[in-house]
Amino acid sequence: MSNDEFPTDRPAVVTCGLPYANGDLHIGHLRGYIGADAFNRTLETLGQTSAYVCGSDMHGTPVAVNAEKEGVDPEDFALEWHHQYEETFPKFNVDFDNYGHTHDETNVETTQEIVRTLDDEGYIYEKEIQVAYDPDADQYLPDRYVEGTCPYCGEKARGDECDEGCQRHLEPGEVEDPTSTITGNPAEYRERTHKFFEVSEFADYLTEFLDGLEGTSNARNQPRQWIEDGLQDWCITRDMDWGIDYPNGNDEGGDDLVLYVWVDAPIEYISSTKQYTDRVGADEYDWEHVWREDGDIVHFIGRDIIQHHAIFWPAMLEGADYNAPRGIAATGFITINGKGLSTSRNRAIWAKEYLEEGFHPDLLRYYLMTTGGLQQDVDFSWEAFQEKVNGELVGTVGNFWYRSLLFAYRNYEGTPETEVSEDVHARIEGAIDDLRDAANDYSLRGVGQAATELAQFGNEYIQRNEPWKLTDDDPEQAAQVIRDCVQIAKAVGVLLEPIAPDKAQLLWEQLGEDGAVADTNLEAALETPPRHFEEPGELFDKIEDERVDDLTAKLEARVDEASDDGDEDETESDDTGADEATDMADTDDLEPLLEDRIGFDEFQDLDIRVGQIEAADGIEGADDLARLEVDIGFETRQVVAGIKQLHDLEELPGEKCILLANMEPAELFGVESNGMILAAGDDADLLTTHGDAEIGEKVQ
RNA sequence: AGCGGGAUGGGAUAGCCAGGAGAUUCCGGCGGGCUCAUAACCCGCAGAUCGGUAGUUCAAAUCUACCUCCCGCUACCA
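Rules and cut-offs
- Residues numbered from 1 in each chain as written.
- Chains lettered and ligands numbered in written order.
- Predicted model: local features only at pLDDT ≥ 70, side-chain atom pairs only at ≥ 80, totals over all residues.
- Heavy atoms only, no water.
- Helix = DSSP H or I, 4+ residues; strand = E, 2+ residues; numbered from the N terminus.
- Buried < 20%, exposed > 50% of the residue type's maximum accessible area, 1.4 Å probe, protein only.
- Contact = heavy atoms within 4.5 Å.
- Areas by Shrake-Rupley, 256 points an atom, 1.4 Å probe, with all protein chains shown as cover.
- Pairing = 2+ DSSP bridges.
- Axes fitted to C-alpha atoms, helices over the stretch in contact; angles between N-to-C directions.
- Parallel < 35°, antiparallel > 145°, perpendicular 65-115°, else oblique.
- Lys, Arg positive; Asp, Glu negative; His and termini not counted.
- Salt bridge = Lys/Arg side-chain N within 4 Å of Asp/Glu carboxyl O.
- Patch = residues over 30% accessible without salt bridge, like charges linked within 9 Å, V, L, I, M, F, W, Y side chains within 5 Å.
- Charge placed at Lys NZ, Arg CZ, Asp CG, Glu CD.
- Phe/Tyr/Trp six-rings, centres within 6.5 Å; stacked < 30°, edge-to-face > 60°.
- Lys NZ or Arg CZ within 6 Å of the ring centre and 35° of its normal.
- UniProt positions renumbered as here; feature names shortened; annotations may be inferred.
- Expected span 1.5 Å × (residues − 1).

### Details of the overall build of chain A
Link 1 in the chain: Within chain A one finds 20 helices and 27 strands.
Link 2 in the chain: Scored against the burial criterion, the 700 residues of chain A give a buried share of 52%.
Link 3 in the chain: Contacts spanning at least 24 positions in sequence make up 74% of the contacts within chain A whose residues lie at least 6 apart.
Link 4 in the chain: Roughly 32400 Å² of accessible area belongs to chain A as shown, and the carbon and sulfur atoms make up 42% of that amount.

As structure tokens, this is what we get:
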């Protein structure tokens, strides 16, 4: 694999992480799919042959578990999502050359062939491991099919990790007191023979591979740690029905060994490329050339699955004698209004929702691609979205397109008959170079900027030359300026196509061009537009402030609502605490525990301080209330607390207490209260510290 | 705990890999221009010494070390 600059004369394949057939798509997903799509389009615009392939990830425990919950076949369950994805992508102009799924025949065959090769080459061995087994259901229980107690912290844990306690990853066999999540039966551990892939054999290869890997730096750097720590071999089989059968010649054991989902998932990249070749013919695009001879393989993934793509995957490819990826672009996450996207809390912008709001997909594409670097986390807010759209797409690009074409139409009924000036020609060539550089840096932001900056230049250019003043005084010069502007407008269209394909196509049509701008390459940017074209229209609409307010309010309301609903959902899994609670006896008098967990951030919102009571006296007319003066280091606060009848007020001064300092002020019986003293229960047992905590220290 | 990524004018971002004149662009603020254009566009001004400390260097936002604070990853979850 060499690192010639894009475009190379090799075929390229661009992929994105497979969507897992288990839930709705949101803009977090979309960022990756749009990114890969835009990158693929950029390569094509640069003149490189490239295919964009992907497919749905159908296997794995979550699909099996959720299908079972709904009482449907896992295949039907996953296919339903698959079809939904298939319909959704085109709506965002995510244009796959092939979109398959991991359960289709091609992928089953390809996967089994690759695994067989790895086996033949001696990279796979068998090992006995402990697997949970449900004797009543006569079924093995991989991963999340089993729950039990974490051996490290004693919390309730899933089979694969201590999800509620110490967060530790758990090996099969580690969970204590295992029970089946299917039947609730106690499970037992049995010895099972599983297949292991000798990843450890590839340490040197992978080190070298990472040295040459392009894309984002996190994809290159993060896996190094694993290699340095020593790679462990990888268990690639599971005891379940749903998945691709391990390709045994002799079917030893005879039961349900299927391949681990992470084996067949990336192989779908290959399978999907194969299907593309099957459809268009090897003359047009040859999958073998890319995957087995020399091609530019570029993966777009989320940064949470770097390990799978930068360790396991290249090891598999190397072991089975396939080409290694040239680049891995690991994108950051999307946050919503500064907070982490959370599907369970409904803090997300769903793909469907975005479309239902009637926004054009290219607007979101532009926003997601140009707001931050690929590797960076990008925040989404409707406000920022509006700013981006109105400022850059409407104000800069759309405005330049419209004013240029309209002027040209009114005065010349199209493109004036002169040559483009040298300066403008050179400026367009500069933008083309920018695009090429951006592609080689895997910078889609740069791709978008190459176009918008050219449009900005166009606005400067037309402003500086004021053709509206020249039409009478110096018609030749006016024609020259507009000729230049029309060319710039066309070039902006060509350059913007990877990011905003629909809008670029509309411009193309307004210019009276034939065919699809997507099928053109960079040379088109400098080719003369048609002599005549019709009156242009505006290509981007402004988003009004009221609209943004509505959308923001809608989102907030939904998040609030979901937090309530979420409680119910979480009750099921959070029930965990119930077992322990019953052990603790006489809980009847206690307030039930809140099921709703809060994040650390929310806790951080509470400014709790150590204070010292300096004065305490009762409030006239109130039964329980007392007025306290509490020293919290910085200042002395007056607070009102309901402890009058329950404490001897005279003894309080000098006592340390715990004060919620950022409680909003309140007035009780005419006395202002600036904080809240923490106390336990109806007896108002005052909380204090048991060490040397200083006055004013934060409780955390 | 280890590792990865980040910390740049009021907000948001670029630059850092390939160190060089006190730093990009967008939004916002202030002043001006233009009127072909979706109150749009163009020009100018104010504003950050680039998380902290210590180094390397003639020269550091850019390299090195340590530290602080965010986000994430840690393999049989997808």
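Continuing now.
### Let's talk about the sheet that holds strand β15 (residues 327-331)
Link 1 in the chain: Taken in spatial order, the six strands line up as β3-β2-β1-β14-β15-β10 in an open sheet, and their pairing is parallel. Either end of the sheet is taken by a strand with one partner, and the two such strands are β3 (98-101) and β10 (214-215).

### Observations concerning the packing of helix α11 (residues 361-370) against helix α12 (residues 382-412)
Link 1 in the chain: Across the interface, α11 lies against α12 with an axial gap of 10 Å and an inter-helix angle of 100 degrees. Comparing the axis directions of α11 and α12 gives the class roughly perpendicular. Of the residues in α12, those touching α11 at Leu-363, Leu-364, Tyr-366, Tyr-367 and Thr-370 are Ala-384, Phe-385, Lys-388, Val-389, Glu-392 and Leu-393.

### Things to note about the side chain of Asp-97
Link 1 in the chain: With respect to the secondary-structure elements, Asp-97 resides in the loop between α3 (74-91) and β3.
Link 2 in the chain: The charged side chain of Asp-97 is buried without a salt bridge, its nearest counter-charge being Arg-279 at 5.9 Å.
Link 3 in the chain: The contacts of Asp-97, once residues within four sequence positions are left out, are Asn-40, Ser-50, Ala-51, Tyr-52, Tyr-276 and Arg-279.

### Some words on a negative patch on the surface
Link 1 in the chain: A contiguous patch of negative charge, built from Glu-383, Glu-387, Glu-544, Asp-545, Glu-546, Asp-549 and Asp-550, is present on the exposed surface.
Link 2 in the chain: Put simply, the parts of the chain that give the negative patch at least two residues each are α12 and α18 (545-574).
Link 3 in the chain: Here the element with the most residues in the negative patch is α18; it accounts for four residues.
Link 4 in the chain: Mapped onto the fold, Asp-545 is located in helix α18.
Link 5 in the chain: For Asp-545, a relative accessible area of 49% gives the class partly exposed.

### Observations regarding the sheet that holds strand β8 (residues 176-180)
Link 1 in the chain: Pairing within the open sheet is antiparallel, and its three strands lie in the order β7-β6-β8. Only two strands of the sheet have a single partner each, and these edge strands are β7 (156-158) and β8. Going from strand to strand, the sheet's axes swing by 30 degrees on average, the running direction of each strand aside.
Link 2 in the chain: Of the pairings in the sheet, the one linking strand β6 (residues 146-149) to β7 comprises three bridges and is antiparallel in character. If you follow Gly-148 over to β7, its bridge partner there is Ala-157.

### Here we look at the packing of aromatic side chains
Link 1 in the chain: Inspection of every chain in the model, using the stated rule, returns 32 aromatic pairs.
Link 2 in the chain: For the ring pair Tyr-354 and Phe-359, a centre distance of 5.7 Å and an interplane angle of 35 degrees mean the geometry is tilted. The same class applies to Tyr-354 and to Phe-359, which are both buried.
Link 3 in the chain: Clustering of aromatic rings is evident, with ring pairs tying together Phe-92, Tyr-354, Phe-359, Tyr-367, Phe-380, Trp-382 and Phe-385.
Link 4 in the chain: When the ring centre of Tyr-260 is taken as origin, the NZ or CZ atom of Arg-238, which lies over that ring, is 4.0 Å away.
Link 5 in the chain: Looking at Arg-326, its charged tip hangs above the ring of Phe-6, at a distance of 3.9 Å from the centre.

### Details of the UniProt feature "binding site: ATP" (unreviewed entry) in chain A
Link 1 in the chain: Under the present numbering, the feature "binding site: ATP" (unreviewed entry) in UniProt falls on Thr-343.
Link 2 in the chain: Within the secondary structure, Thr-343 sits in the loop between β17 (339-340) and α10 (351-356).
Link 3 in the chain: Thr-343 sits in the partly exposed class, given a relative accessible area of 45%.
Link 4 in the chain: In this structure Thr-343 touches His-26 and Trp-350, once residues within four positions along its chain are discounted.

### Topic: α11
Because each turn of an α-helix spans 3.6 residues, side chains separated by three or four positions end up pointing in the same direction.
Link 1 in the chain: When you tally the buried positions in α11, you get ten out of ten residues, the bulk of the element.
Link 2 in the chain: Every buried residue belonging to α11 is among Pro-361, Asp-362, Leu-363, Leu-364, Arg-365, Tyr-366, Tyr-367, Leu-368, Met-369 and Thr-370, and all of these are buried.

### Some words on the pattern of salt bridges
Link 1 in the chain: Applying the stated criterion to the full structure yields 23 salt bridges.
Link 2 in the chain: Across the pair Arg-41 and Asp-37 runs a salt bridge whose closest N-O atoms are separated by 2.8 Å. Highlighted residues: Arg-41 and Asp-37, both in helix α1 (residues 27-46), separated by four residues, approximately one helical turn. Each of the two residues, Arg-41 as well as Asp-37, counts as buried.

### Overview of helix α14 (residues 444-465)
Link 1 in the chain: A rise of 1.5 Å per residue sets the reference length of α14, with its 22 residues, at 32 Å; its end C-alpha atoms lie 32 Å apart and thus fit the reference within 8%.
Link 2 in the chain: Once α14 ends, the next one or two residues include Glu-466, with phi positive near 40 degrees.

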